Amino acid sequence: MHVWTRAKRLAAVALLSVVTATACGGPGTHIRADGKLSFTVALIEPDLTTVPLLAAVDTLRDQGHEVDVVELAEPELAVEGLAKGDYAISAEATGPALSAIEQDAPIKIIADVVGNQWALYGRSAVSSCDDLNGRPFGIFSEGAVATAIAKDWVAAECGAGKRPDYLTIGGSDVRAQALASGEIDATPLEISDAVALESSGASGLTKVVDFAESLPDLHPQTVYANAAFLSRHRGVAQEFVTALVREHGRINADPRHLVALVKKYLPEEDQEDVATTARRYRDAKLFDAAALTRRNVQGTIDFFARAGVIERGMTTRDAADLSFIEGASS
């Protein structure tokens, strides 16, 4: 899976060039004259799932900290920057972070971005894995987390010798269109693209499996941070995680809060389906930054080991520091 191989290579390069963390918590973190911090948060193409993180950043800014947000194209770039201390916090795909941690990168998972929102959608005639034998199955790439999830399901559910015909055809929205037009028979989709597909009037489609139900301990998108930043500025890291937990709580209390966050931070986003999507997230209880536990972090590690992203043997203690979400709940 080429994405994960590249992630490991980038992590190794990062480790070779890691700048020794200073008392400030890394080369990208500075203590200002007023005692407040200046640091950078890296996000990967912000979308509906990351607007609560932007709100949490604004909470820190309101407290006097100077926080820059950089947008990167790939999570591997964020992982490299975290390992060097250029960035204090990032949030996206868990796989590249675990790959870097396996290479001894100074990174810890500290909270959840969003629960497992992936589901497999197919043509109405598809009700089981065996129905997809030899049929066109859309994936984003061989290394994408949704592909790993789908292939894990195929390995567990398809009969002996039965496999779909995997076709690499682009992002979740593109695959949704291909499914609606009959170019493919099944594909994993995120909630927002499933909602868009439904609102387009596409018919003859069904949800084959909800991966949140079949893989309840998998958390494919998490918040992670530079370990030196966490140890030297625990108070600020705690403020960030607490703010994120509270933003998620507001969304769960009223999904219109998520709609408001999207309007504020992603004004160019098509607003038509946001309200429906927000309700789906709330109903599925996917927004819970404090959802990580020792058990489900280990379950996530075990999934990525099973998928070949990392070797077996990593533990929750190796990968995560759950004290911040514990502190946010106390």
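Calculation rules
- Residues numbered from 1 in each chain as written.
- Predicted model: local features only at pLDDT ≥ 70, side-chain atom pairs only at ≥ 80, totals over all residues.
- Heavy atoms only, no water.
- Buried < 20%, exposed > 50% of the residue type's maximum accessible area, 1.4 Å probe, protein only.
- Helix = DSSP H or I, 4+ residues; strand = E, 2+ residues; numbered from the N terminus.
- Phe/Tyr/Trp six-rings, centres within 6.5 Å; stacked < 30°, edge-to-face > 60°.
- Polar contact = N/O pair within 3.5 Å; in protein donor to acceptor, adjacent residues only side chain to side chain.
- Contact = heavy atoms within 4.5 Å.
- Salt bridge = Lys/Arg side-chain N within 4 Å of Asp/Glu carboxyl O.

Q: Explain helix α4 (residues 94–102) to me, and be specific about the residues and the numbers.
A: Burial analysis of α4 places eight of its nine residues in the buried class, the great majority of the element. Along α4, the residues that are buried comprise Thr94, Gly95, Pro96, Ala97, Leu98, Ser99, Ala100 and Ile101. The first or second residue beyond α4 is Asp104, which carries a positive phi of 70°.

Q: A description of the packing of aromatic side chains should follow, citing residues and the corresponding values.
A: Considering all chains together, one arrives at four aromatic pairs under this definition. A ring pair is formed by Phe39 and Phe229, whose centres lie 5.0 Å apart and whose planes are at 50°; its orientation type is tilted. Of this pair, Phe39 sits in strand β2 (residues 37–44) while Phe229 sits in helix α9 (residues 227–232); the two residues are 190 residues apart in sequence, bridging distant segments of the chain. According to the relative accessible area criterion, Phe39 is buried, its value standing at 1%.

Q: I'd love a proper account of the side chain of Thr222, names of residues and values included.
A: Among the structural elements, Thr222 can be located in strand β11 (residues 221–226). Among the polar contacts listed, one links the side chain of Thr222 to the side chain of Thr94, at a separation of 3.0 Å. When near neighbours in sequence (up to four residues on either side) are disregarded, Thr222 contacts Ser90, Ala91, Glu92, Thr94, Ile109, Ala111, Asp112, Val113 and Leu292.

Q: If you had to explain the pattern of salt bridges to someone new, which residues and values would you point to?
A: Where side chains of opposite charge bring their charged atoms close, a pairing between them can arise. A complete count under the given rule lists 17 salt bridges for this structure. Arg295 serves as the salt-bridge partner of Asp217, at 3.4 Å between the closest nitrogen and oxygen. Of this pair, Asp217 sits in the loop between α8 (211–214) and β11 while Arg295 sits in helix α13 (residues 294–306), and the two are 78 residues apart along the sequence. Looking at Asp217, the relative accessible area reads 26%, which means it is partly exposed. With a shortest N-O distance of 3.6 Å, Arg234 and Asp321 are connected by a salt bridge. Separated by 87 residues along the polypeptide, Arg234 in helix α10 (residues 234–253) and Asp321 in the loop between α14 (316–319) and α15 (323–329) bring together distant segments of the chain. What emerges from the salt-bridge pattern is a single network uniting Arg32, Asp34 and Glu66.

Q: Got a sec to walk through the side chain of Asp185? Specific residues and values, please.
A: Positionally, Asp185 belongs in the loop between α6 (172–180) and β9 (186–189). Polar contacts involving the side chain of Asp185 include one to the side chain of Arg135, which spans 2.7 Å. Excluding residues within four positions of it along the chain, Asp185 makes contact with Tyr121, Gly122, Arg123, Val126, Leu132, Arg135, Pro136 and Leu179.

Q: A description of unusual backbone geometry should follow, citing residues and the corresponding values.
A: For Glu45, which is not a glycine, the phi torsion comes out positive at approximately 40°. Locating Glu45 in the fold gives a position in the loop between β2 and α2 (51–62). Positive phi, normally seen in glycine, also occurs at Asp104, with a value near 70°. Examined against the element boundaries, Asp104 turns out to sit in the loop between α4 and β5 (107–114). Given the relative accessible area of 66%, Asp104 is considered exposed.

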